[in-house]
Amino acid sequence: MDWTYTLAIILLPLATFLTIGLLDKSMPNKLAGVLGTASIGTAFLLSCYTAYQYFFVHGMVDGAYQKIVAFNMEWLRFTDTLHIDLGVILDPISVMMLMVVTTVSLMVHIYSNGYMHGERGFNKFFSFLSLFSFSMLGLVVATNLFQMYIFWELVGVSSFLLIGYYYEKPSAVAASKKAFITTRFADLGFLIGILLLSWYTGTFDFTELTQTTAIGGLAMAMPMGTSFLGLSIVSWALILIFMGGAGKSAMFPLHIWLPDAMEGPTPVSALIHAATMVVAGVYLVARLFPIYAIAAPDALTVVMWVGAISSLFAAIIACTQYDIKRVLAFSTMSQIGYMMLALGVSQYSEGSNLGFTASMFHLTTHAMFKALLFLGAGSIIHAVHSNSMLDMGGLRKYMPITFVTFGIAWLAICGFPGLSGFFSKDEILVAAMQHNTPVFIIAVIVAGLTAFYMSRLFFSVFFGKNTHYHHTPHESPKTMTIPLMILAFFAVFAGYIPFNEFVTSTGEPFHSHFHWNVAIPVTLIAFIGMGIAFVLYYKESEIPTKVTKALSWVYTTIFHKFYIDEIYLFVTKKILFGIVARFIAWFDRHVIDATMNGFAIVTNYVSVSIKGLQSGQIQKYGLIFLSGAIFFALVFIYLFV
Amino acid sequence: MIQGIELQHILIITTLMFFVGVYGFLVRRNLITILMASELILNSVGINFVVFNKYLYPTAMQGYMFTIFIIAIAAAEAAVAIAIIINVYRRYKTINVENVSEMKY
């Protein structure tokens, strides 16, 4: 089986990016939109074909899905052992991610044709979308850590470009900078982690890195007794790598960029900040999962707790926000925390790797329903021209399609029985229950909170008070509603994909059965959350205001996102800029610059004081020259004659 | 070898020419005159070359060649110098060398 054609999946968006990006204004908007959509559509079809070939025809060898290197090329060679390759690897998670990324990307491309219609820089937007698709697909199929790092930065750049798309708005510019700097800071850890890990393993290659036999040797190969703060070097390497993942996936405490990233156009939020790029961190941990699980269980514990704390933290904040996109952003953060948590409670062995599968399962279903939620929110914003939930209400009458599709996504994320979120969440909860009780309790609380804040959003937007609009909201055009309907289909039925047959940490399918003892109580908790929200927000009522009054300072703290942004500002502005940077600036100005200025001043002083010798009178120069010549002539005559 | 004229006589003439040139170069204020003075210096050296060649090494040719070389250079130098002088005149409406000292620093 020749898999080289998979290269086209990655290169098509790149070609589109170059074409649209270079032609830019000389290309009609319609053509750019169609070209971008067609190219990602082709990539989608190719991914479907690849997935079919991989999962059903060629992938399974000896009862396990194998890693297949479809293409590999040496890109940079430093020494025989140190070289960087670019290539395409196919294994269950990369093929699954190919499907997720191309599906969501295709939907977002179609949707953007309607949403971005008539915007300035329409072509630029599509070229950036293609750039992002290229980078994300390249990240997913990376054969080695370094290729992943390269594309990791590329998705960061495209995210930066797309968040700052409305570059006339200062808030958008600030948000794009914040996103870039925060993730870049996290990537510093990632890079150090890569270097540490590859220093001891001598390879960047995933296939070699994740061989179970090799990992057993890895823990031995780490120099004996080298532990730092009680953790082994390999644990530190993996924790640092996870730091990069946490930055991209907006995990606590590196999450501060995600809510602000909502300044970008809504399709971008749906594609990058809900479905694909932000799960790159989860994907990274999943990619290196055998090492995490076998060589560094401590690092995996860190992953678990960071995931659990982030999911709870974000879910609490989401209950108080009024900006519809910010609620969804915190919800994304919370759900990604869920995925991290699921990875953390998993192990690399027969029978206890449910968490891994659950995490990947939730990643897929979440991508579908969260993209749908964001695109639905975009449709609402398109109609109402505001992001604030306070300006919305009673929209079900005006926007029936958005109402129904958004409703499906809402039920899916709440874990309504039968929809996709129900199954994936259940698997995560089962995995958590089997492994770690405190984490399980957190996960259950988060499930209830999720149901509450999503219902709050849903009821206050589509029901609630009857807002008077300046102009009557209307349903969005077909290009926007069709992707909503397709995604709604996935949001309902993605849960019926038997993930335990396809995506497992070892590649071997296992049997899982439904755990009613977890599903029923958790569903009841979700219903309670939905019920509270129904009481509070279905009709306009005074109760929410009273509740916030009663909990005044708690509410204010949560509303201000636990003041994490303020803490960051304090650390950067007051401590870094105010004390450290001030001292360095003083040193720079008064020591380094002063030395250089000293040279200049001395030179200047000398030249000023001797420049009087220059009269500008050619004849004086001639006289001096002549006197010199005669003087030397006399000297030579005296010496030699 | 020229009948009745000694080498020293000619050398006295060229030395006089040379110092007249130097004097003119240092004392005259008119740029054209300065240029002429520098031509005098060059030509006195040229005569020296010819004379030394003729009197001391009658079979060699290097002295003549050098003289021709000097004449060529003098011609080129005159062309450049006159072009500069014309431009100076256009700019300052004078060719008095004392008034043209703006580029000293």
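Just above sits the structure.
Rules and cut-offs
One numbering rule holds for all chains: residues counted from 1, following each sequence as written. All chains are assigned letters beginning at A, and all ligands numbers beginning at 1, according to the order in which they are written. Given that the model is predicted, a residue must reach a pLDDT of at least 70 before its local features are reported, and side-chain atom pairs must reach 80 or more before they are shown or counted; all residues, however, enter totals for whole chains, interfaces and linings. Based on all heavy atoms of the structure, the side-chain values leave hydrogens and waters out of the count. Numbered from the N terminus, helices here are DSSP runs of H or I no shorter than four residues, and strands are runs of E no shorter than two. Any residue under 20% of the maximum accessible area for its type is buried, any over 50% is exposed, and the rest in between are partly exposed; the area is computed with a 1.4 Å probe on protein chains only. Residue contacts are defined here by distance: any two heavy atoms, one from each residue, within 4.5 Å place the two residues in contact. Every accessible area reported is derived by Shrake-Rupley at a probe size of 1.4 Å, with residue values counting cover from the shown protein chains alone. The charge count includes Lys and Arg as positive and Asp and Glu as negative, but it does not include His or the ends of the chains. Charge positions come from single atoms, namely NZ of Lys, CZ of Arg, CG of Asp or CD of Glu. Strand pairing follows a simple DSSP-based rule, namely that at least 2 bridges must link the two strands. Any Phe, Tyr or Trp ring, taking Trp's six-membered ring, that has another such ring centre within 6.5 Å forms a pair; planes under 30 degrees apart are called stacked, those over 60 apart edge-to-face, and the others tilted.

**Q** Just to check I follow, could you spell out the overall build of chain A for this structure?
**A** For chain A, the count of helices and strands is 26 helices and six strands. Taken along the three principal axes of its C-alpha coordinates, chain A extends 120 × 65 × 50 Å. Per-residue burial for chain A yields a buried fraction of 55% across its 641 residues. Looking at chain A alone, contacts between residues at least 24 apart form 80% of all its contacts between residues at least 6 apart. Accessible surface, chain A: about 27,000 Å² in total, of which carbon and sulfur atoms supply 71%. When the 31 basic and 30 acidic side-chain charges of chain A are each reduced to a single mean position, those positions are 15 Å apart.

**Q** Can you walk me through the pairing of strand β3 (residues 68-77) of chain A in this structure?
**A** Residues in a regular strand point their side chains to alternate faces of the sheet. Note that β3 of chain A and strand β4 (residues 83-90) of chain A share eight bridges and pair antiparallel. The residue of β4 of chain A that forms the bridge with Phe-71 of chain A is Val-88 of chain A.

**Q** What exactly am I supposed to notice about the environment of Gln-53 of chain A here?
**A** Residue and element names in this part refer to chain A. With respect to the element layout, Gln-53 can be found in helix α2 (residues 29-58). For the pair Gln-53 and Met-333, spaced 280 residues apart in sequence, the C-alpha to C-alpha distance is 33 Å. With near-sequence residues (within four places) excluded, Gln-53 lies in contact with Met-1, Trp-3, Tyr-5, His-58 and Gly-59.

**Q** Help me understand the packing of aromatic side chains, please; the structure alone is not making it clear to me.
**A** Each aromatic ring pair is described using two quantities: the centre-to-centre distance and the angle formed by the ring planes. All names here are of chain A. Scanning the entire structure with this criterion turns up 43 aromatic pairs over all chains. Ring geometry for Phe-55 against Phe-502: centres 5.1 Å apart, planes inclined by 50 degrees, an arrangement best described as tilted. In this pair, Phe-55 sits in helix α2 while Phe-502 sits in helix α21 (residues 499-502), placing the two residues 447 residues apart along the sequence. Here Phe-55 and Phe-502 have matching classes, each one buried. Where Phe-146 meets Tyr-149, the ring centres are 6.0 Å apart and the plane angle is 65 degrees; that geometry is what we call edge-to-face. With Phe-146 and Tyr-149 both in helix α5 (residues 145-163), this residue pair falls three residues apart, about one helical turn. In this structure an aromatic cluster arises from ring pairing among Phe-403, Phe-406, Trp-410, Phe-458, Phe-459, Phe-462, Phe-463 and Phe-534.

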